[in-house]
Amino acid sequence: MKIQQLRYIVEIVNQNLNVTEAAAALYTSQPGISKQVRLLEEELGLEIFERNGKHIKSVTPAGKKIIGIARELLVKTQAIRAIADEYTQPNHGVLRIATTNTQARYMLPSVIERFSKQYPDVSLHVHQGSPNQIYDALLSGEVDLAITTEAQYLFDDLVLLPCYFWNRSVVVKKDHPLANVKNLTIAELGKHPLITYTFGFTGVSDLDYAFNSEGILPNIVFTATDADVIKTYVRLGLGVGIIASMAHTEADTDLVAIDASHLFNASMTQIAFKHSTFLRNYMYDFINYFSPHLTRTLVEKAESMHDNNAVKRLFDGVQLENK
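It should be emphasised that the depicted structure is a prediction, and the values quoted were computed from it without experimental measurement.

Novice: Requested: an account of the nonpolar core, with residues and values cited.
Specialist: Membership of the largest hydrophobic core comes to 44 residues, with the highest contact counts inside it found for Leu95, Leu161, Phe286 and Phe290. Counting residues per element, this core draws most heavily on helix H10 (residues 281-290), at seven residues. Core analysis: the next-biggest nonpolar cluster, separate from the first, contains 19 residues, Ile9, Val10, Ala22 and Ile67 among them.

Here it is as structure tokens:
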């Protein structure tokens, strides 16, 4: 059994069972991958993949277990390399982060600017996506850290560090009837078509809860993963936007932002990473730059805990910022 064979079977799953795409991602040949996978299956005496002719149709029950362990082994091999690099090239390396569009656009620029000045020889890669995509990227080892704002149930088997709370604002054009409303209510909001984040992305479930509590069915006419896209369609008059408050800036002079923190529950942004991840010194610094209360001492304590309820208790006395 070879590490490369494990890398092949994991990448095939990452590429939705497409061997050609897996070969392209790993800069190798499709026949070479197929041959190595067959050799691994012969060595193990079972099939990892169920096939329809030459095409892979699904992962076998045994294959799912093997691939789960293979993922962990590949992360550990990355950790071994990271430990070596920490001693031989402490200020050189790569930091890969997965997050949402809103975090990447409005929260990360100042953090990345500071980090890049401190670590000019660390290559920084930011991947943007939905909570499910972020989770998959972290689980597959494509990224080192994930910054997530919703769907936190996905991350229960990972280390979760609380960063800050964020609230929502309603955005409308200046000539909209809501522009001059001082005490916005759910009932008033429910009279208008709504534009907000894609379900499960940054809190549509919280919106549903708020409207359901008032017995109102929200008229959501458009959803997007990007606050800038939402603002664009508000400008076109398609409806009333509901976005993270941080996404309304001084540049949005043509839009009126109405605080909605009294209407919807605040959401928490958290940083997640796998228990098996070896955090480089510069990774601890990045986490601290993003959330100053996340000192290396606290992060190391959280790493040693394998129960996120215990991690939550660790931060019980910490007052999180509201954004």
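Novice: Lay out the sheet that holds strand E5 (residues 145-148) in plain terms, naming residues and giving numbers.
Specialist: Reading across the sheet, the six strands line up as E4-E3-E5-E12-E6-E13 and stay open at both edges, with mixed pairing between neighbours. The open sheet is flanked by strand E4 (122-128) and strand E13 (321-322), the only strands paired with a single partner. Relative to E13, strand E6 (residues 159-166) runs parallel, the two being bridged by two bridges. The residue of E13 that forms the bridge with Phe165 is Asn322. Most of the contacts of H10 go to strand E3 (residues 93-99), to which it runs at about 40°, and overall it touches E3, E4, E5, E6 and strand E12 (267-273).

Novice: If you had to explain the packing of aromatic side chains to someone new, which residues and values would you point to?
Specialist: The geometry of two aromatic rings is summed up by the distance between their centres and the angle between their planes. Counted by the stated rule, this structure contains seven aromatic pairs. Geometrically, the ring pair formed by Phe115 and Tyr282 is edge-to-face, given 6.3 Å between the ring centres and 75° between the ring planes. One end of the pair, Phe115, is in helix H5 (residues 101-118); the other, Tyr282, is in helix H10, and 167 residues separate them in sequence. The class for Tyr282 is buried, based on a relative accessible area of 1%. Between Tyr164 and Phe290, the aromatic rings sit 5.9 Å apart at their centres with planes inclined by 45°, giving tilted as the arrangement.

What counts as what
- Within each chain, residue numbers correspond to sequence positions counted from 1 in written order.
- With pLDDT at 70 or above as the cut-off, local features in this predicted model cover only qualifying residues; side-chain atom pairs require 80 or more to be listed or tallied, and sums for whole chains, interfaces and linings still use all residues.
- Side-chain descriptors were evaluated using all non-hydrogen atoms of the structure, hydrogens and water having been removed beforehand.
- We call a set of buried residues a nonpolar core when its members are Ala, Val, Leu, Ile, Met, Phe, Trp, Tyr or Cys and they connect through side-chain atoms within 4.5 Å of each other.
- Exposed residues in this analysis have more than 50% of their type's maximum accessible area, buried residues have under 20%, and partly exposed residues fall in between, with area computed by a 1.4 Å probe over protein chains only.
- Only DSSP runs of H or I reaching four residues or more are called helices, and only runs of E reaching two or more are called strands; each is numbered from the N terminus.
- By the convention used here, strands pair only if DSSP detects at least 2 bridges between them.
- In what follows, a contact means two residues having at least one pair of non-hydrogen atoms within 4.5 Å.
- Between the N-to-C directions of two axes lies an angle of 0 to 180 degrees, each axis being a line fitted to C-alpha atoms and, for a helix, fitted only over the stretch in contact.
- The rule is short: rings of Phe, Tyr and Trp, with Trp giving its six-membered ring, pair when the centres are within 6.5 Å, and they are stacked under 30 degrees, edge-to-face over 60, tilted in between.

By themselves, these figures tell us nothing about what the structure is for.
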